[in-house]
Amino acid sequence: MKIGKNSWQFNQGVYIQSSATVTGPKEKQGPLGETFDYSFEDLHCEASTWEGAEQALLTKSIDICMGKTNMREDAIDLFISGDLLNQNVTSNYVARNIESPFLCVFGACSTSMEALAIGSSLVDSGNCKNVLASTSSHYSTAERQFRYPTEYGGQKPDTATTTVTGAGTLLINNEPSDIQIEGATIGRVIDYGMNDPLDMGSAMAPAAADTIVQHLKDFGRDPSDYDLILTGDLSSVGSPIVKKMTEQSGYDMEGIHRDCGLMVYQANQQVFSGGSGCACSAVVTYGYIIQQLKQNKLKKVLVVATGALLSPTIVQQKETIPCIAHGVVLQRVDV
Amino acid sequence: MITKDNYASEVKKYQPKPKLLRNCIKAFLVGGLICAIGQGLTFFYIEVFGFTEKTAGNPTVTTLILIAAILTGFGVYDKIGQFAGAGSAVPVTGFANSIASAALEHKSEGIVLGIATNMFKLAGSVIVFGAVSAYVVGLIRYLVEQFL
């Protein structure tokens, strides 16, 4: 049901049945390393190309997610997935091996919550019973598509981020479990005129602030109604900006806001200003956050995944970077 | 108050500033070290293989290119590049790295359309501007010699 201006409330009950996170080796060495279901030992993920490696990550996360339930694959009514690569090749090629109908989505690094919001809405409306929502990203595929060859010795500024190698998958349906998807706020495309592709935190912060403020208005809430407001990959540059901007709109997130990009790596891992990529919000949320909700350490979390909707071509044409953020509310329920 | 109009200037304080002095010193030291190694190689080729000062340039450059390509293949040169910036980008080793890294990256698309087509993706601009500026400088020199 629509609530407020840009939000949906899922009144029929949408629940997370199972989740899976798969990462590369660097994420495994990070502070959340123990929370991932599986981590490949090297970036190749047992594949011969980088693109194949990303497909291996996504496939593995789907296999683990399905393996945690006793559900057969043909019970899935819809698979929704997206990634960062041109023509969403990771998701499209992985979907070749999946029997169920498929919707491909692109929201850059906001894809995780875009897929989850759409999936939840379809479950809530009764159009689907069981939905798989996935996303993936890989350091080397992103580097080569958006930046330079991985072994190129160009110097990056400290505002740059490091693409998370990983994939996350959720299985959702309407059967009560201990984690409910309560609602979602769909973001608008926001462009504040930033044009540095090596500083996406600054570019994405206004989009995150816009979605957070709109969400709180739509649901008539205050940041303190949440245990945690989690942004996707604003990094150490964008995080203070989003806090400042929401505070300016009358919503103080001090002590409530965290950023997945700052949680997934340790400071000494040489990741510049933090993690980024579709998998950044996915592996943190579908791993650590879901475990915290299950253990009742968190009760209500707003996850706002942020995406910079750029391509290298259009940035070279001196265009600015439009950005988007989608928010989804996860809450602990006692069944 | 952060607004759309003043955003770029308001958020500057949140962006880490490039450490210009530190980067310049690092670039100077690493760039200087690469050049010193090159000079050492030149002496080596003159002393051991009997090259002249003029002809020792070719084997020196070739050796530096070989070292840079091997370091690129072992995944070391990008780390040197992040540390040294222009210090490792400007010498011939940086040029070699840009070619070797692009070739490695596109190996998965085959020898012709992958490696051969993409090898000069980054180095191409260096060659274009190298050739153009050499032409311009040559023309100026010719005119100066003719008319002055």
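How each quantity is defined
- Residues numbered from 1 in each chain as written.
- Chains lettered and ligands numbered in written order.
- Predicted model: local features only at pLDDT ≥ 70, side-chain atom pairs only at ≥ 80, totals over all residues.
- Heavy atoms only, no water.
- Helix = DSSP H or I, 4+ residues; strand = E, 2+ residues; numbered from the N terminus.
- Rg over C-alpha atoms; globule rule 2.2 N^0.38 Å.
- Buried < 20%, exposed > 50% of the residue type's maximum accessible area, 1.4 Å probe, protein only.
- Contact = heavy atoms within 4.5 Å.
- Areas by Shrake-Rupley, 256 points an atom, 1.4 Å probe, with all protein chains shown as cover.
- Lys, Arg positive; Asp, Glu negative; His and termini not counted.
- Charge placed at Lys NZ, Arg CZ, Asp CG, Glu CD.
- Core = buried A, V, L, I, M, F, W, Y, C linked by side-chain atoms within 4.5 Å.
- Domains from an automatic or database assignment.
- 1 Å grid on protein atoms, 1.4 Å probe; cavity = no way out; pocket = protein on both sides within 12 Å on 5 of 7 lines; lining within 4 Å.
- Points joined across faces, edges and corners; volume = space filled by probe spheres on them.
- Nonpolar A, V, L, I, M, F, W, Y, C, P; charged D, E, K, R; others polar.
- UniProt positions renumbered as here; feature names shortened; annotations may be inferred.
- Buried area = accessible area lost by both parts, 1.4 Å probe.
- Salt bridge = Lys/Arg side-chain N within 4 Å of Asp/Glu carboxyl O.
- Polar contact = N/O pair within 3.5 Å; in protein donor to acceptor, adjacent residues only side chain to side chain.
- Pairing = 2+ DSSP bridges.
- Expected span 1.5 Å × (residues − 1).

Per an unreviewed UniProt entry, chain B is named Stage V sporulation protein AC, and its organism is Aquisalibacillus elongatus.

The name recorded for chain A in an unreviewed UniProt entry is Stage V sporulation protein AD, from Aquisalibacillus elongatus.

So what's going on with the overall build of chain B? Which residues, and what values?
Helices and strands together make up the secondary structure of chain B, namely eight helices and zero strands. Counted from the first residue to the last, chain B has its helices and strands arranged as α-α-α-α-α-α-α-α. On C-alpha atoms alone, chain B measures out to a radius of gyration of 21 Å, which is more than a quarter above the 15 Å that the 2.2 N^0.38 rule sets for 148 residues. Projected onto the principal axes, the alpha-carbon positions of chain B cover approximately 70 × 50 × 35 Å. When the 148 residues of chain B are sorted by exposure, 32% land in the buried category. Residue pairs at least 24 apart in sequence account for 48% of intrachain contacts in chain B once pairs closer than 6 positions are excluded. In the structure as shown, chain B presents an accessible area of about 9,800 Å², 73% of it carried by carbon and sulfur atoms. Distance from the positive charge centre (12 side chains) to the negative charge centre (8 side chains) of chain B: 9 Å.

Please give an account of the nonpolar core that cites residues and values.
All names here are of chain A. Within the largest apolar cluster, 46 residues are counted, with the highest numbers of intra-cluster contacts made by Leu 116, Ile 181, Val 284, Ile 289 and Leu 330. Per-element accounting of this core gives the leading share, ten residues, to helix H9 (residues 278-294). The residues that make up this core include at least three from each of domain 1 (13-173) and domain 2 (179-332). Ignoring any residue separated from it by four or fewer positions in sequence, one finds Leu 116 in contact with Ala 133, Leu 170, Ile 172, Ile 181, Tyr 286, Val 328 and Leu 330.

Account for empty space enclosed by the protein, with residues named and values stated.
Residues and elements named next belong to chain A. Going through the model one piece at a time under the given rule, you end up with one cavity of 30 Å³ or more. By volume, the largest cavity is sized at about 40 Å³. Around the largest cavity, the lining residues are Arg 147, Thr 159, Ala 160, Thr 161, Pro 197, Leu 198, Asp 199 and Met 200. Residue classes in the lining of the largest cavity are distributed as four nonpolar, two polar and two charged. Two domains each provide a minimum of three residues to the lining of the largest cavity, namely domain 1 (13-173) and domain 2 (179-332).

Run through the UniProt feature "transmembrane region" (unreviewed entry) in chain B, naming residues and quoting values.
Residues and elements named next belong to chain B. The UniProt record marks residues 27-46, 58-77 and 124-144 with the feature "transmembrane region" (unreviewed entry), using the residue numbering of this structure. Helix makes up 100% of residues 27-46 and strand 0%, whereas the separation of the span's terminal C-alpha atoms amounts to 28 Å. The annotated region residues 124-144 carries 100% helix and 0% strand content, and the separation between its end C-alpha atoms amounts to 30 Å.

Give a description of the interface of chain A and chain B that names residues and reports values.
Listed per partner, the contact involves 29 residues of chain A and 31 residues of chain B. Between chain A and chain B, roughly 2,500 Å² of surface is buried when both sides are summed, and carbon and sulfur atoms account for 57% of that area. Scanning the region where chain A abuts chain B turns up two salt bridges. A salt bridge links A:Asp158 to B:Lys19; the shortest N-O distance between them is 2.8 Å. On the surface where chain A and chain B come into contact, there are 14 residue pairs in polar contact (both at pLDDT 80 or more). Counting residues per element, the ones that place at least two in the side of chain A that touches chain B are helix H5 (139-146), helix H6 (200-219) and helix H7 (235-248) of chain A. Per-element accounting of the side of chain A that touches chain B gives the leading share, six residues, to H7(A). Among the residues forming the side of chain A that touches chain B, the class breakdown is 13 nonpolar, nine polar and seven charged.

Run through the domain arrangement of chain A, naming residues and quoting values.
Residue and element names in this part refer to chain A. Under the domain assignment, chain A is made up of domain 1 (13-173) and domain 2 (179-332). In this complex, domain 1 contributes 54 residues to the contact, which on the side of domain 2 involves 49 residues. Across the contact surface, domain 1 and domain 2 share zero salt bridges. Between domain 1 and domain 2 we count 19 residue pairs in polar contact (both at pLDDT 80 or more) in total. Every element with two or more residues in the side of domain 1 that touches domain 2 is listed here: strand E3 (15-23), helix H1 (25-28), helix H4 (111-125), strand E7 (131-137), H5, strand E8 (162-163) and strand E9 (166-173). Looking at side-chain class alone, the side of domain 1 that touches domain 2 contains 23 nonpolar, 24 polar and seven charged residues.

With reference to specific residues and values, describe the pattern of salt bridges.
Scanning the model with the defined rule gives 15 salt bridges over all chains in all. When the shortest N-O distance is used, the salt bridge between A:Arg332 and A:Asp334 registers 3.1 Å. Overall, A:Asp334 belongs to the exposed group, its relative accessible area being 63%. Between B:Glu145 and B:Arg141 there is a salt bridge; the shortest N-O distance is 3.2 Å. Placement of both B:Glu145 and B:Arg141 in helix H8 (residues 123-147) is noted, with a separation of four residues, approximately one turn of the helix. Accessibility assignment for this pair places B:Glu145 and B:Arg141 in one class, exposed.

Give me the pairing of E3(A): which residues, what numbers.
Residue and element names in this part refer to chain A. Within E3, eight of the nine residues are buried, leaving the element largely enclosed by the surrounding structure. Relative to E9, E3 is paired through eight bridges, and the arrangement is antiparallel. Bridge pairing in E9 places Ala 20 opposite Thr 169. Pairing geometry for E3 and strand E4 (residues 38-39), over two bridges, is parallel. Each residue of the ladder has a partner; that of Val 22, found in E4, is Tyr 38.

Account for helix H2 (residues 50-67) of chain A, naming residues and giving values.
With 18 residues, H2(A) extends 25 Å from end C-alpha to end C-alpha; this agrees with the ideal 26 Å at 1.5 Å per step. Looking at H2(A), one finds that the buried residues are A:Trp50, A:Ala53, A:Glu54, A:Leu57, A:Leu58, A:Ser61, A:Ile62, A:Cys65 and A:Met66.

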